Amino acid sequence: MMKVLSLILASIALASYPSSSAIEEPSTPAPLLQVSLSSKHGDVFAFDLFREMASTQQGNVTLSPASLERLLLLLREGAAGDTHSSLDKLLLGKQGVPSAIQVQSADALFVDQGFSLKPVSVPVHHVSFAQSPGQAVKAINDWASKKTHGMIPGIVTDKSITTNTRLVALNAIYLREKWLCPFEPNVTQKAPFHCADGTTCTVPMMLQQTEFRYAEGEDWQAVAFGYDAQGRKGEAGFFIGILPKASAHDFTQTLTVQKYNAIRQALAQAKHQKVLVFLPKMDLDSGIVSLKAPLKKLGLSTMFSDRADFRRFSDKPLMVSAVVQRCRVITNEKETIAAAVTSAIVEERCIPLEEIKEIHFDRPFIWLIGDLNTPAPPYFIGQNGKP
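A brief look at the structure comes next.

Rules behind the numbers
- Residues numbered from 1 in each chain as written.
- Predicted model: local features only at pLDDT ≥ 70, side-chain atom pairs only at ≥ 80, totals over all residues.
- Heavy atoms only, no water.
- Helix = DSSP H or I, 4+ residues; strand = E, 2+ residues; numbered from the N terminus.
- Contact = heavy atoms within 4.5 Å.
- Areas by Shrake-Rupley, 256 points an atom, 1.4 Å probe, with all protein chains shown as cover.
- Buried < 20%, exposed > 50% of the residue type's maximum accessible area, 1.4 Å probe, protein only.
- Lys, Arg positive; Asp, Glu negative; His and termini not counted.
- Salt bridge = Lys/Arg side-chain N within 4 Å of Asp/Glu carboxyl O.
- Polar contact = N/O pair within 3.5 Å; in protein donor to acceptor, adjacent residues only side chain to side chain.
- Axes fitted to C-alpha atoms, helices over the stretch in contact; angles between N-to-C directions.
- Parallel < 35°, antiparallel > 145°, perpendicular 65-115°, else oblique.
- Nonpolar A, V, L, I, M, F, W, Y, C, P; charged D, E, K, R; others polar.
- Core = buried A, V, L, I, M, F, W, Y, C linked by side-chain atoms within 4.5 Å.
- Arc of directions from axis to C-beta.
- Phe/Tyr/Trp six-rings, centres within 6.5 Å; stacked < 30°, edge-to-face > 60°.
- Left-handed = near helix turned anticlockwise from the far one by under 90°.
- Pairing = 2+ DSSP bridges.
- Expected span 1.5 Å × (residues − 1).

1. Some points on the overall build of the protein
Phase 1 of the analysis: The number of helices and strands found in the protein is seven helices and 16 strands.
Phase 2 of the analysis: In the protein, the proportion of contacts linking residues at least 24 apart, taken out of those at least 6 apart, comes to 73%.
Phase 3 of the analysis: Element-wise, carbon and sulfur atoms account for 53% of the exposed surface of the protein, whose accessible area totals about 20,000 Å².

2. Brief notes about the side chain of Arg 349
Phase 1 of the analysis: The residue Arg 349 is located in the loop between strand 14 (335–348) and strand 15 (365–369) in this model.
Phase 2 of the analysis: It turns out Arg 349 is buried and unbridged, and the closest side chain with the opposite charge, Asp 306, is 5.2 Å from it.
Phase 3 of the analysis: At a separation of 3.1 Å, a polar atom in the side chain of Arg 349 contacts the main-chain carbonyl oxygen of Asp 306.
Phase 4 of the analysis: Here the side chain of Arg 349 touches Ala 308 through a polar contact of 3.0 Å, landing on its backbone oxygen.
Phase 5 of the analysis: Sequence-distant contacts of Arg 349, that is, excluding residues within four places in its chain, are made with Ser 305, Asp 306, Ala 308, Pro 317, Leu 318 and Met 319.

3. Considerations on the packing of helix 3 (residues 81–90) against helix 7 (residues 292–300)
Phase 1 of the analysis: Running from amino to carboxyl end, helix 3 crosses helix 7 at an angle of 95 degrees, the nearest separation of the two axes being 10 Å. Of the possible angle classes, the one that applies to helix 3 and helix 7 is roughly perpendicular. Between helix 3 and helix 7, the contacting residues are Ser 86, Leu 87 and Leu 90 on the first element and Leu 298, Gly 299 and Leu 300 on the second.
Phase 2 of the analysis: Grouping the amino acids of the contact of helix 3 with helix 7 by side-chain chemistry returns four nonpolar, two polar and no charged.

4. Let's talk about the nonpolar core
Phase 1 of the analysis: Membership of the largest hydrophobic core comes to 47 residues, with the highest contact counts inside it found for Leu 75, Leu 295, Met 303, Phe 310, Val 320 and Val 323.
Phase 2 of the analysis: Each residue touching Leu 75, except ones within four places of it in the same chain, is listed here: Leu 87, Ala 169, Met 303, Phe 310, Phe 313, Val 320, Ala 344 and Val 346.
Phase 3 of the analysis: Grouped together as the second largest cluster of nonpolar side chains are 25 residues, Ala 136, Ile 152, Ile 155 and Ile 161 included.

5. Comments concerning helix 7
Phase 1 of the analysis: Among all positions of helix 7, only Pro 294, Leu 295 and Leu 300 are buried. Taken down its axis, helix 7 places every buried residue within 120 degrees of arc, on the same side.

6. As for the packing of aromatic side chains
Phase 1 of the analysis: Under the criterion given, the structure shown has nine aromatic pairs.
Phase 2 of the analysis: Ring plane angle 65 degrees and centroid distance 5.2 Å describe the contact between Phe 212 and Phe 225, whose orientation is recorded as edge-to-face. Of this pair, Phe 212 sits in strand 7 (residues 200–216) while Phe 225 sits in strand 8 (residues 220–226), placing them 13 residues apart in sequence.
Phase 3 of the analysis: Since its relative accessible area comes to 5%, Phe 212 is described here as buried.
Phase 4 of the analysis: Each residue in the set Trp 179, Phe 183, Phe 212, Phe 225, Tyr 227 and Phe 239 is aromatic and connected to the rest through ring pairs, giving one cluster.

7. Focus on the packing of helix 2 (residues 65–78) against helix 3
Phase 1 of the analysis: At their nearest, the axes of helix 2 and helix 3 sit 9 Å apart, and the two run at 155 degrees to each other. Between helix 2 and helix 3, the angle falls in the class roughly antiparallel. Remark: the crossing between helix 2 and helix 3 carries left-handed chirality. Across from Leu 72, Leu 75 and Arg 76 in helix 2, the residues of helix 3 making contact are His 84, Leu 87 and Asp 88.
Phase 2 of the analysis: Considered class by class, the residues forming the contact of helix 2 with helix 3 number three nonpolar, one polar and two charged.

8. Side note on the pairing of strand 13 (residues 318–331)
Phase 1 of the analysis: Most of strand 13 is tucked away: 11 of the 14 residues are buried.
Phase 2 of the analysis: Pairing geometry for strand 11 (residues 282–285) and strand 13, over four bridges, is antiparallel. Its bridge partner being in strand 13, Met 282 is matched across the sheet by Thr 331.
Phase 3 of the analysis: The pairing of strand 12 (residues 289–290) with strand 13 spans two bridges and is classified as antiparallel. Residue pairing in the sheet places Ser 290 in a bridge with Val 324 of strand 13.

9. Considering the environment of Val 277
Phase 1 of the analysis: Along the polypeptide, Val 277 turns up in strand 10 (residues 272–280).
Phase 2 of the analysis: For the pair formed by Val 277 and Val 223, sequence separation is 54 residues and the distance between their alpha carbons is 8.8 Å.

10. Observations regarding the pattern of salt bridges
Phase 1 of the analysis: Applying the stated criterion across every chain yields a total of 17 salt bridges.
Phase 2 of the analysis: For Lys 297, the salt bridge goes to Glu 52, with nearest N and O atoms at 3.1 Å. Separated by 245 residues along the polypeptide, Lys 297 in helix 7 and Glu 52 in helix 1 (residues 40–54) bring together distant segments of the chain.
Phase 3 of the analysis: Under the relative-accessibility criterion, Lys 297 is labelled exposed at 63%.
Phase 4 of the analysis: The closest approach of N and O atoms between Glu 335 and Lys 178, which form a salt bridge, is 3.8 Å.

11. Side note on helix 4 (residues 133–147)
Phase 1 of the analysis: For helix 4, built from 15 residues, the straight-helix expectation of 21 Å at 1.5 Å per residue is met to within 8% by its first-to-last C-alpha distance of 21 Å.
Phase 2 of the analysis: Where the residues of helix 4 are buried, they touch strand 3 (103–112), strand 4 (124–127), strand 5 (165–178) and strand 14.
Phase 3 of the analysis: Where helix 4 ends, the next residue or the one after it, His 149, has phi of about 55 degrees, a positive value.

12. Structural notes on the pairing of strand 9 (residues 238–244)
Consecutive residues of a regular strand have side chains that alternate between opposite faces of the sheet.
Phase 1 of the analysis: Extensive coverage of strand 9 is indicated by the burial of seven of its seven residues.
Phase 2 of the analysis: Side-chain alternation along strand 9 places Phe 238, Ile 240, Ile 242 and Pro 244 on one buried face and Phe 239, Gly 241 and Leu 243 on a second face that is also buried.
Phase 3 of the analysis: Bridging between strand 8 and strand 9 involves seven bridges; their strand directions are antiparallel. Paired with Gln 221 across the bridge in strand 9 is Leu 243.

In structure tokens form, the structure reads like this:
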């Protein structure tokens, strides 16, 4: 029986999170490594973070766990002590499976001129945060735009940089994958979309009737849109659309990694069957989103505090003041284009002066004359009520 599925996307998920390979410029073909770093531990972190972000939003939520993961790995490189331990608990493992999805990834550190940075494994760019903050912001944003082929034109603002800023750590990822079964542009038409806030808007709706991997459960329907691997080796990549049978917001709050894996397994085991799919064209730009609050809730509060320890970056006392991410995802009849940049602002924290205790004997007090060690009564003892 032909299935009819009109997709309201609760999330955008690829079959796996590929690891980094050097980003090439748009004019240069990119010979890319197809490797995924997906693991149970990292998946748990990704879905915990997604639920935390979605819990406070009714509308669009767009997140790149893979980009955030790469940034946290970079911060972990400079961390020590409890800061390193807290980062270590949340990160993906090193084991991976080959993936046919081509993801371009790049890391960088923008460092304040004159700041003594210990050796690191990523490219370092020197800027002057104190003397030329505008130029520093432009350099960082130009890097973000270049590494995402113009998809992310900016990730920091003038307000992001202070006189205490010493480092800005960055990761950028970019992918562009063609559908295995493209949609026909002349079939796309205006159609209603029932928004999360209860309103209805009109969107360009793509339409296709073909054989897909389709599965459904008690509270969901799902379909896997394959990408054209073009002969590349590795695990096939998919755009997985999940349509909750009730509220997408409520469903997201129950979307654990175990539930997602059950959906993914059902799709992997499903036979191809004819499905009539209505999928909206999308151009989602998250804007610059702060990840500080959800990361602190998930166990990374130490790196944002005076207890932060980044001695492997520098002997100077450092702390993370902000972690932000910006994502953009485009789906059309031909392909999916997605990019994200994640950044962390690292500042030199002030070491608090040793606290000076004060005691004012300007009211009645008790006094004694004796010593501190002898187990004997004091020579004198009294209460001074009026000198």
